[in-house]
Amino acid sequence: MALTAAAALAGCASGTTEATPDATGTTAPGTTAPATTAPAAPPSSTPSGRTPQGTPQGTLLVADFGSDTVTFVDPGTSGSGKTGRPIASVKVGTAPYGLVVGEDGRAWVATAEGVAVVDTQRRTRLGTVPYETETGPVTTGEYRGGGMGIALAPDGRHVYVGVNVPDGNGTVEVIDTATRQVTGVADVGRRPFDVDVSPDGREVYATNHDSFDVTAVDADTLRTRRMEVAPYGTEGGLGSWLKPHYAVVRPEDGRLLLPFEGERLAVLDPRTGEVAAERMTADTHQHGAALAPDGTLLVVGTGPIGADDEGPSLTVRAPDGKERTVELDGPHENVAVSADGRTAYVTGGFTRDGYWNGITVVDLNDEKNKPIRLEAGNRPLGIAIL
């Protein structure tokens, strides 16, 4: 594992890492910027597009939970993973988890210290927005405090980040993307693994792993509604494996899709709080999820939690409910899908032990093509396509 990590990071040596500005505006080599609120960037440094200069369209960006960086990854020939490689890394803060990229080219990265803002063209960190929520000492590991799920409003004016508070309920913090200031805080459930936004931008949804629920947050008033999502019940409490992890919002009706154990897909109507369950077939502990442009649901299976469970996989579920599974080599955590819906990129980080430092690339159109493993990053969790 150490050799793999070293190889991945060695491939990033040409990247840019932000240093701490001194009083004159220059930087001190080998230092990292403190977690303080960053002023708005001057016009000359405002990103103007999604793709970093000098890299191919479709560059991947992953959050390195095993280090303090994000890594830019060339996905190779036609995005297939062949000849792919990491091409740059940027320091962002302790144990980065989720990330999201706006149309202006800025990436927002949820770390243990705050939300880092990255210019994806210049591959530099513009600053960090500290949390208003008290999360205790900055630590690493699966249960560390700080940001987890993160999402952008449809108009790009706000970022919503789920903040984990160890041994307590979390929050969703609202960040104004123009000023890079926290403008509001809403109380949610325990360990907000994922954050999503309704298609009209009026509600924000925090998927709370350890409280078996989704919190709906009114984007204007920050009033909240708790909706239990527990198709297996809540027996076992914090020790239960049968909890919600990640969700996607179905554009056509605004319902949330939450996969459970490769056995059930919980379909949550946020208007009523009612949950319907549809059958799934992978029979594996499930985490990350994404929707392809045609409505195909992609779900990451991390592996078995019981003796009769199946191994790691990627479920490919058509809009009509028909499924096929693609076997994966080892646990993975999250998934992103290309704009044309042809390729899935699955991060190998995993929140628990058993992770690997890379991305598995899956051809969704040709089942004969075996997945390609692409070394990238250090325990990568969150992923975005630039």
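The shown structure was predicted, so the numbers you read here are calculated from the model rather than taken from an experiment. (Residues numbered from 1 in each chain as written. Predicted model: local features only at pLDDT ≥ 70, side-chain atom pairs only at ≥ 80, totals over all residues. Heavy atoms only, no water.)

Trainee: An account of the sheet that holds strand S10 (residues 146-152) is needed here, citing residue identities and associated values.
Mentor: Across the sheet, which stays open at both edges, the four strands sit in the order S10-S11-S12-S13 with antiparallel pairing between neighbours. Each end of this open sheet is capped by a strand with a single partner; those strands are S10 and strand S13 (181-187). Neighbour-to-neighbour, the strand axes of this sheet turn through a mean angle of 25 degrees, independent of strand direction. Judged from the six bridges that link them, strand S12 (residues 171-176) and S13 form a sheet pairing that is antiparallel. From the neighbouring strand, Thr-171 faces S13, where its bridge partner is Asp-187. (Pairing = 2+ DSSP bridges. Helix = DSSP H or I, 4+ residues; strand = E, 2+ residues; numbered from the N terminus. Axes fitted to C-alpha atoms, helices over the stretch in contact; angles between N-to-C directions.)

Trainee: Pulling in residues and values, what's your account of the pattern of salt bridges?
Mentor: Going through the model one piece at a time under the given rule, you end up with 20 salt bridges. Taking the shortest distance from any N to any O, the salt bridge between Asp-104 and Arg-106 comes out at 2.7 Å. Its relative accessible area of 26% is what places Asp-104 among the partly exposed residues. The salt bridge involving Arg-250 is made with Asp-253; its shortest N-O contact spans 2.8 Å. Through salt bridges that share partners, Arg-250, Glu-252, Asp-253, Arg-255, Asp-269 and Arg-271 make up one connected network. (Salt bridge = Lys/Arg side-chain N within 4 Å of Asp/Glu carboxyl O. Buried < 20%, exposed > 50% of the residue type's maximum accessible area, 1.4 Å probe, protein only.)

Trainee: Would you mind going over the confidence of the model for the protein chain in detail, with residue names and values included?
Mentor: Residue-level pLDDT values for the protein chain average 88, and 85% of them are 70 or greater. Within the model, the stretch residues 1-56 combines pLDDT values under 50 with 111 contacts to residues more than four positions away or in other chains. (pLDDT = per-residue confidence, 0-100. Contact = heavy atoms within 4.5 Å.)

Trainee: So, the environment of Asp-176: which residues are in play, and what are the values?
Mentor: On the secondary structure map, Asp-176 appears in strand S12. On a C-alpha basis, the gap between Asp-176 and Tyr-160 in space is 9.2 Å, while along the polypeptide they are 16 residues apart.

Trainee: Tell me about the side chain of Thr-284, and name the residues and values.
Mentor: By secondary structure assignment, the location of Thr-284 is in the loop between strand S21 (275-279) and strand S22 (285-291). Here Thr-284 is in contact with Glu-261, Gly-262, Gly-301, Thr-302, Gly-303, Pro-304, Glu-310, Gly-311, Pro-312 and Ser-313, once residues within four sequence places are set aside.

Trainee: An account of the sheet that holds strand S8 (residues 114-119) is requested, with residue identities and associated values reported.
Mentor: If you trace the four strands from one edge of the open sheet to the other, you get S6-S7-S8-S9, paired in antiparallel fashion. Looking at the sheet topology across the chains shown, the edges are occupied by strand S6 (99-101) and strand S9 (124-130). In this sheet, adjacent strand axes meet at a mean angle of 20 degrees when their direction is disregarded. Sheet topology places S8 next to S9; six bridges connect them, and they run antiparallel. Across the sheet, the residue bridging to Asp-119 is Thr-124, located in S9.

Trainee: So, the packing of aromatic side chains: which residues are in play, and what are the values?
Mentor: As enumerated under the stated definition, the model contains four aromatic pairs in all. For the ring pair Tyr-97 and Phe-193, a centre distance of 6.1 Å and an interplane angle of 80 degrees mean the geometry is edge-to-face. In this pair, Tyr-97 is assigned in the loop between strand S5 (85-91) and S6 and Phe-193 in strand S14 (residues 192-197), connecting sequence segments 96 residues apart. In terms of burial, Tyr-97 and Phe-193 fall into one category: buried. Plain terms: the ring middles of Tyr-232 and Phe-260 are 6.4 Å apart, the flat faces sit at 40 degrees to each other, and that makes the pair tilted. Of this pair, Tyr-232 sits in the loop between strand S17 (224-228) and strand S18 (248-249) while Phe-260 sits in strand S19 (residues 256-260), placing them 28 residues apart in sequence. Among the residues examined, Tyr-232 registers a relative accessible area of 24% and is labelled partly exposed. An aromatic cluster is defined as three or more aromatic residues linked by ring pairs; in this entry it consists of Phe-65, Tyr-97, Phe-193 and Tyr-246. (Phe/Tyr/Trp six-rings, centres within 6.5 Å; stacked < 30°, edge-to-face > 60°.)

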